[in-house]
Amino acid sequence: MGTIVEITVASDDKKRANEAIDAGFREIKRLEQLMSTYIPDSNLSRINDSAGVSPVKADREVLYLIKKGIELGDLTNGAFNIAVGPLVKLWGIPDKREFIPSKKEIGLLLPVTDYHNIQIDEEKGEVFLKKKGMRIDLGGIAKGYAAERAIAILKEKGIDNAIVAVAGDVKAIGKRPDGKAWHIGVKHPREKEKLLRTVDLSDMAVSTSGDYERFFIKDGILYHHILDPRTGEPARRSQSATVVASEGIVADALSTGVFVLGPEMGMELIERMPDVEGIIVDSTGKVFVSSGMKDK
Ligand code: AMP
Ligand code: MG
């Protein structure tokens, strides 16, 4: 998935722990094969390659994530947008090149980034991207799903206490060996070695989206990988957004969406959702913490 995955297991059976960890990594590799846009024959790449041409049979899990992605897109008023693929490709920010596209290039792609043009045929299990040039990108939701799936595999292998971290997407179950909840550190967006806060996590997911993860600086301006679907440019309202939720995909998509929305609208959304908490650092470095998290 183009990032670092860490699996931590607490168990008194070393062999079982190691086997479970291996199975967890295999699960994440399996998902990568389905959902990566960097793998030319992944199910998602085939859906994208047929944009404007024909529907494609979608894998069950790919279909599930696309449907969830659309739902979470509606919830965030389009700030989270799985159809942002053409812009992600144009900017190419995970790549090494430092490229700033022109307003004209961006403007040409905006019309093919409307997720309402993703057509799903539930009965046939098919997905059709109605316009040529459309591309689905599950990068903002797949890591949370992968963390959750790896945890499910660990549980199947008899593990009750574990953390899976797919970059900034973390899911934890059970407790540490000393009986305390797992502590998850949320990075400070500007001071590398510093933590913004720690969060106690058990049977919950936490996801952080930050402008310091994948970026380059040119002429004093920071360009990063989270795009505002309305402008087609890196979102400017936040330095980082952290969301805690029971489901990994919800935490993942919302952290990306809330990052784009910024502190006012983002925190309003977090407060509106039951059992969702969050921390937003705005563009000036000011920290906003949701009401249910202030005492945690
Ligand atoms: P995350 O690290 O979860 O915040 O996801 C960032 C990744 O999601 C990027 O690398 C892109 O692949 C994709 N992405 C960028 N902007 C958006 C957006 N506004 N909505 C959904 N996905 C996005
Ligand atoms: Mg995300």
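See the structure above.
Because the structure is a prediction, the values reported are computed rather than measured.

Enquirer: Quick rundown of the overall build of the protein? Include the residues and the values.
Expert: Counting its secondary structure elements, the protein contains seven helices and 16 strands. The principal-axis extent of the C-alpha atoms belonging to the protein is close to 55 × 45 × 35 Å. Evaluated residue by residue, the protein yields a buried proportion of 53% over its 296 residues. The contacts of the protein with a sequence gap of at least 6 include a subset with a gap of at least 24, amounting to 61%. Distance from the positive charge centre (43 side chains) to the negative charge centre (45 side chains) of the protein: 2 Å.

Enquirer: Go over the sheet that holds strand 1 (residues 5–9), please, and point to the residues and values.
Expert: Reading across the sheet, the seven strands line up as 1-5-6-9-14-15-16 and stay open at both edges, with antiparallel pairing between neighbours. Whereas interior strands pair on both sides, the edge strands pair on one side only; in this sheet they are strand 1 and strand 16 (287–289). Each strand of the sheet is rotated relative to its neighbour by a mean of 10°, with strand direction disregarded. Relative to strand 16, strand 15 (residues 277–282) runs antiparallel, the two sharing three bridges. Bridge assignment links Ile280 to a residue of strand 16, and that residue is Phe288. Most of the contacts of helix 6 (residues 142–156) go to strand 5 (residues 162–166), to which it runs at about 150°, and overall it touches strand 1, strand 5 and strand 6 (169–173).

Enquirer: Before we move on, can you summarise the coordination of the magnesium ion (ligand 2) with the specific residues and values?
Expert: At 1.9 to 2.8 Å from the magnesium ion (ligand 2) lie its protein donor atoms, namely Gly140 (O), Asp252 (O), Asp252 (OD) and Thr256 (OG1). Taken in chain order, the donor set of the magnesium ion (ligand 2) reads G-x111-D-x3-T. Here Gly140, found in the loop between strand 4 (126–129) and helix 6, pairs with Asp252, found in helix 7 (residues 248–272); they are 112 residues apart in sequence, far enough to count as distant. Across the pair, exposure class does not vary: Gly140 and Asp252 are buried alike.

Enquirer: If you had to explain the site of ligand 1 to someone new, which residues and values would you point to?
Expert: Around ligand 1, a shell composed of 17 residues is seen, among which Asn81, Ser209, Leu227, Asp252 and Thr256 lie nearest. Take Ala79: an N or O atom from its main chain is 3.0 Å from a nitrogen atom of ligand 1. When ligand 1 is considered free in solution it has 500 Å² of accessible area, and contact with the protein chains removes 97% of it. Each residue belonging to the shell around ligand 1 can be placed in one class, and the counts come to eight nonpolar, six polar and three charged.

Enquirer: Lay out the pairing of strand 15 with the relevant residues and their values.
Expert: Every other side chain in a regular strand lies on the same face of the sheet, so the side chains alternate between the two faces. Across the six residues that make up strand 15, a large majority, six, are buried. The two faces of strand 15 match: Glu277, Ile279 and Val281 on one face and Gly278, Ile280 and Asp282 on the other face are all buried. One ladder, built from six bridges, connects strand 14 (residues 238–245) with strand 15; its direction is antiparallel. When the bridges of strand 15 are listed, Ser238 appears paired with Asp282. Taking the residues that link successive antiparallel strands as the turn, the strand 15-strand 16 hairpin has four residues, and the phi of Gly285 there is positive, at about 100°.

Criteria and cut-off values
Residues numbered from 1 in each chain as written. Chains lettered and ligands numbered in written order. Predicted model: local features only at pLDDT ≥ 70, side-chain atom pairs only at ≥ 80, totals over all residues. Heavy atoms only, no water. Helix = DSSP H or I, 4+ residues; strand = E, 2+ residues; numbered from the N terminus. Buried < 20%, exposed > 50% of the residue type's maximum accessible area, 1.4 Å probe, protein only. Contact = heavy atoms within 4.5 Å. Lys, Arg positive; Asp, Glu negative; His and termini not counted. Charge placed at Lys NZ, Arg CZ, Asp CG, Glu CD. Pairing = 2+ DSSP bridges. Axes fitted to C-alpha atoms, helices over the stretch in contact; angles between N-to-C directions. Donors = N, O, S within 2.8 Å, 3.2 Å for Na, K, Ca; no water. Near = heavy atom within 4 Å. Polar contact = N/O pair within 3.5 Å; in protein donor to acceptor, adjacent residues only side chain to side chain. Areas by Shrake-Rupley, 256 points an atom, 1.4 Å probe, with all protein chains shown as cover. Nonpolar A, V, L, I, M, F, W, Y, C, P; charged D, E, K, R; others polar.

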